[in-house]
Amino acid sequence: MAHTNAKKIYDLVGAEALLTEAEDLRRYLTGFSSSFGYVLSDKDGSVFYTDPRYLEAAEKELKGSEISVEKYTSNFNDLLTKYKQIAIPVDRTLYSDYKKLQDSGLEIIDSSSAFIRAMSVKEDYEIESIKKACQIADKAFLKLLSQIKEGMTENDVAALLEFLMRDGGASGTSFDTIVCFGESSSVPHHDTGMRKLKFGDIILIDFGCKYNGYCSDCTRTFLFGDDGKKGEFKSSYLKVLEAHMLVKEQLKAGMGGAEIDAIARNCLKNYGLDKLFTHSLGHGIGLNIHEFPRISPKSEDIIVDGMVFSDEPGVYLSGEYGIRIEDTVMLEKGKAVSLTDTDKKLIIL
């Protein structure tokens, strides 16, 4: 039976009724994945309205749960005629739908903050799914290393890694796999292409997979052989690794996102590399690859036990090389615990 959170969110919001359409939020409420539907919750319970593509599967999955399933046959405004007040996640609602609700005279309450609060602190079943996604990604990466050959394209390596994650039990990728060879690694979100691998190249791979809908996120940077010309890269790699590990050592419950980001940024500043660290240190991970909390120079988000997020310092020297070392991390008993766990010492294939 699916894990559901409809009553939990309804109670947090405190409105007369709660209407949710966004795909990831529906998944959180129902535990069921679909591309279409509405979840309507009130004091009497919750109903998942969907079309015939999902009815049979939803009824089977949600049987015996807090959520009943019904066929959606009309404008959603028709479902709301008995209410005077409705809660919706305003920033996740299409303007056309928002306007329909507004024009109907309903008082609109924003449910966004309730979803953010609830989804940022993971339940045990969510942690287990994220751990499994991390384990699958780790195993796939280790299998990949022995299969990387000179002449393969970035696209070849991405496709092989995605196959290995699927073969290991993943339902899909957390995001489009990023594979960078050589100078391409200096672009943090390089568009994986047809650049061919040659001896001495830097390889940067940013990857993750989903298990039960939950994401993993990991980045590894390594060398395809040693051409004797990567002294500066090797030196910078050690400094990025130092920043990465320092975050795990010093991070504690109750710290803010900006304070955590500063651990890595100040470490790199000691080596004159902070200006080459061009993105935030991390982001929350769950059903979505980017969630609350934000771990960035301006973030005031407070880190507490049960949160899962990335630790990914990097340096990028334009046109030459890039380095990023990233783990999926959770806060447990006030301390950081890595969920992706492959060796982060510099690998030379």
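Structure: above.
The structure presented is a predicted model; accordingly, all values stated were derived computationally and were not measured. (Residues numbered from 1 in each chain as written. Predicted model: local features only at pLDDT ≥ 70, side-chain atom pairs only at ≥ 80, totals over all residues. Heavy atoms only, no water.)

Undergrad: Describe unusual backbone geometry, with residues and values.
TA: Between Phe-292 and Pro-293 the backbone carries a cis peptide bond, its omega angle lying at 10°. Looking at the element boundaries, Pro-293 is found in strand β14 (residues 291–295). Despite not being glycine, Asn-212 has its phi angle at roughly 55°, a positive value. (Helix = DSSP H or I, 4+ residues; strand = E, 2+ residues; numbered from the N terminus.)

Undergrad: Explain the packing of helix α1 (residues 6–13) against helix α5 (residues 112–120) to me, using residue names and the numbers behind them.
TA: Each pair of packed helices can be described by the angle between their axes along with the distance between the axes. Direction vectors running N to C along α1 and α5 enclose 130°, while the axes themselves pass 9 Å from each other. In terms of axis orientation, α1 runs oblique to α5. As for how α1 packs across α5, the hand of that crossing is right-handed. Here Lys-8, Ile-9, Leu-12 and Val-13 of α1 come into contact with α5, specifically with Ala-114, Phe-115, Arg-117 and Ala-118. (Axes fitted to C-alpha atoms, helices over the stretch in contact; angles between N-to-C directions. Parallel < 35°, antiparallel > 145°, perpendicular 65-115°, else oblique. Left-handed = near helix turned anticlockwise from the far one by under 90°. Contact = heavy atoms within 4.5 Å.)

Undergrad: A description of the side chain of Thr-342 should follow, citing residues and the corresponding values.
TA: Within the secondary structure layout, Thr-342 lies in the segment after β19 (335–338). Engagement of the side chain of Thr-342 in a polar contact is seen with the side chain of Arg-220, the distance being 2.9 Å. (Polar contact = N/O pair within 3.5 Å; in protein donor to acceptor, adjacent residues only side chain to side chain.)

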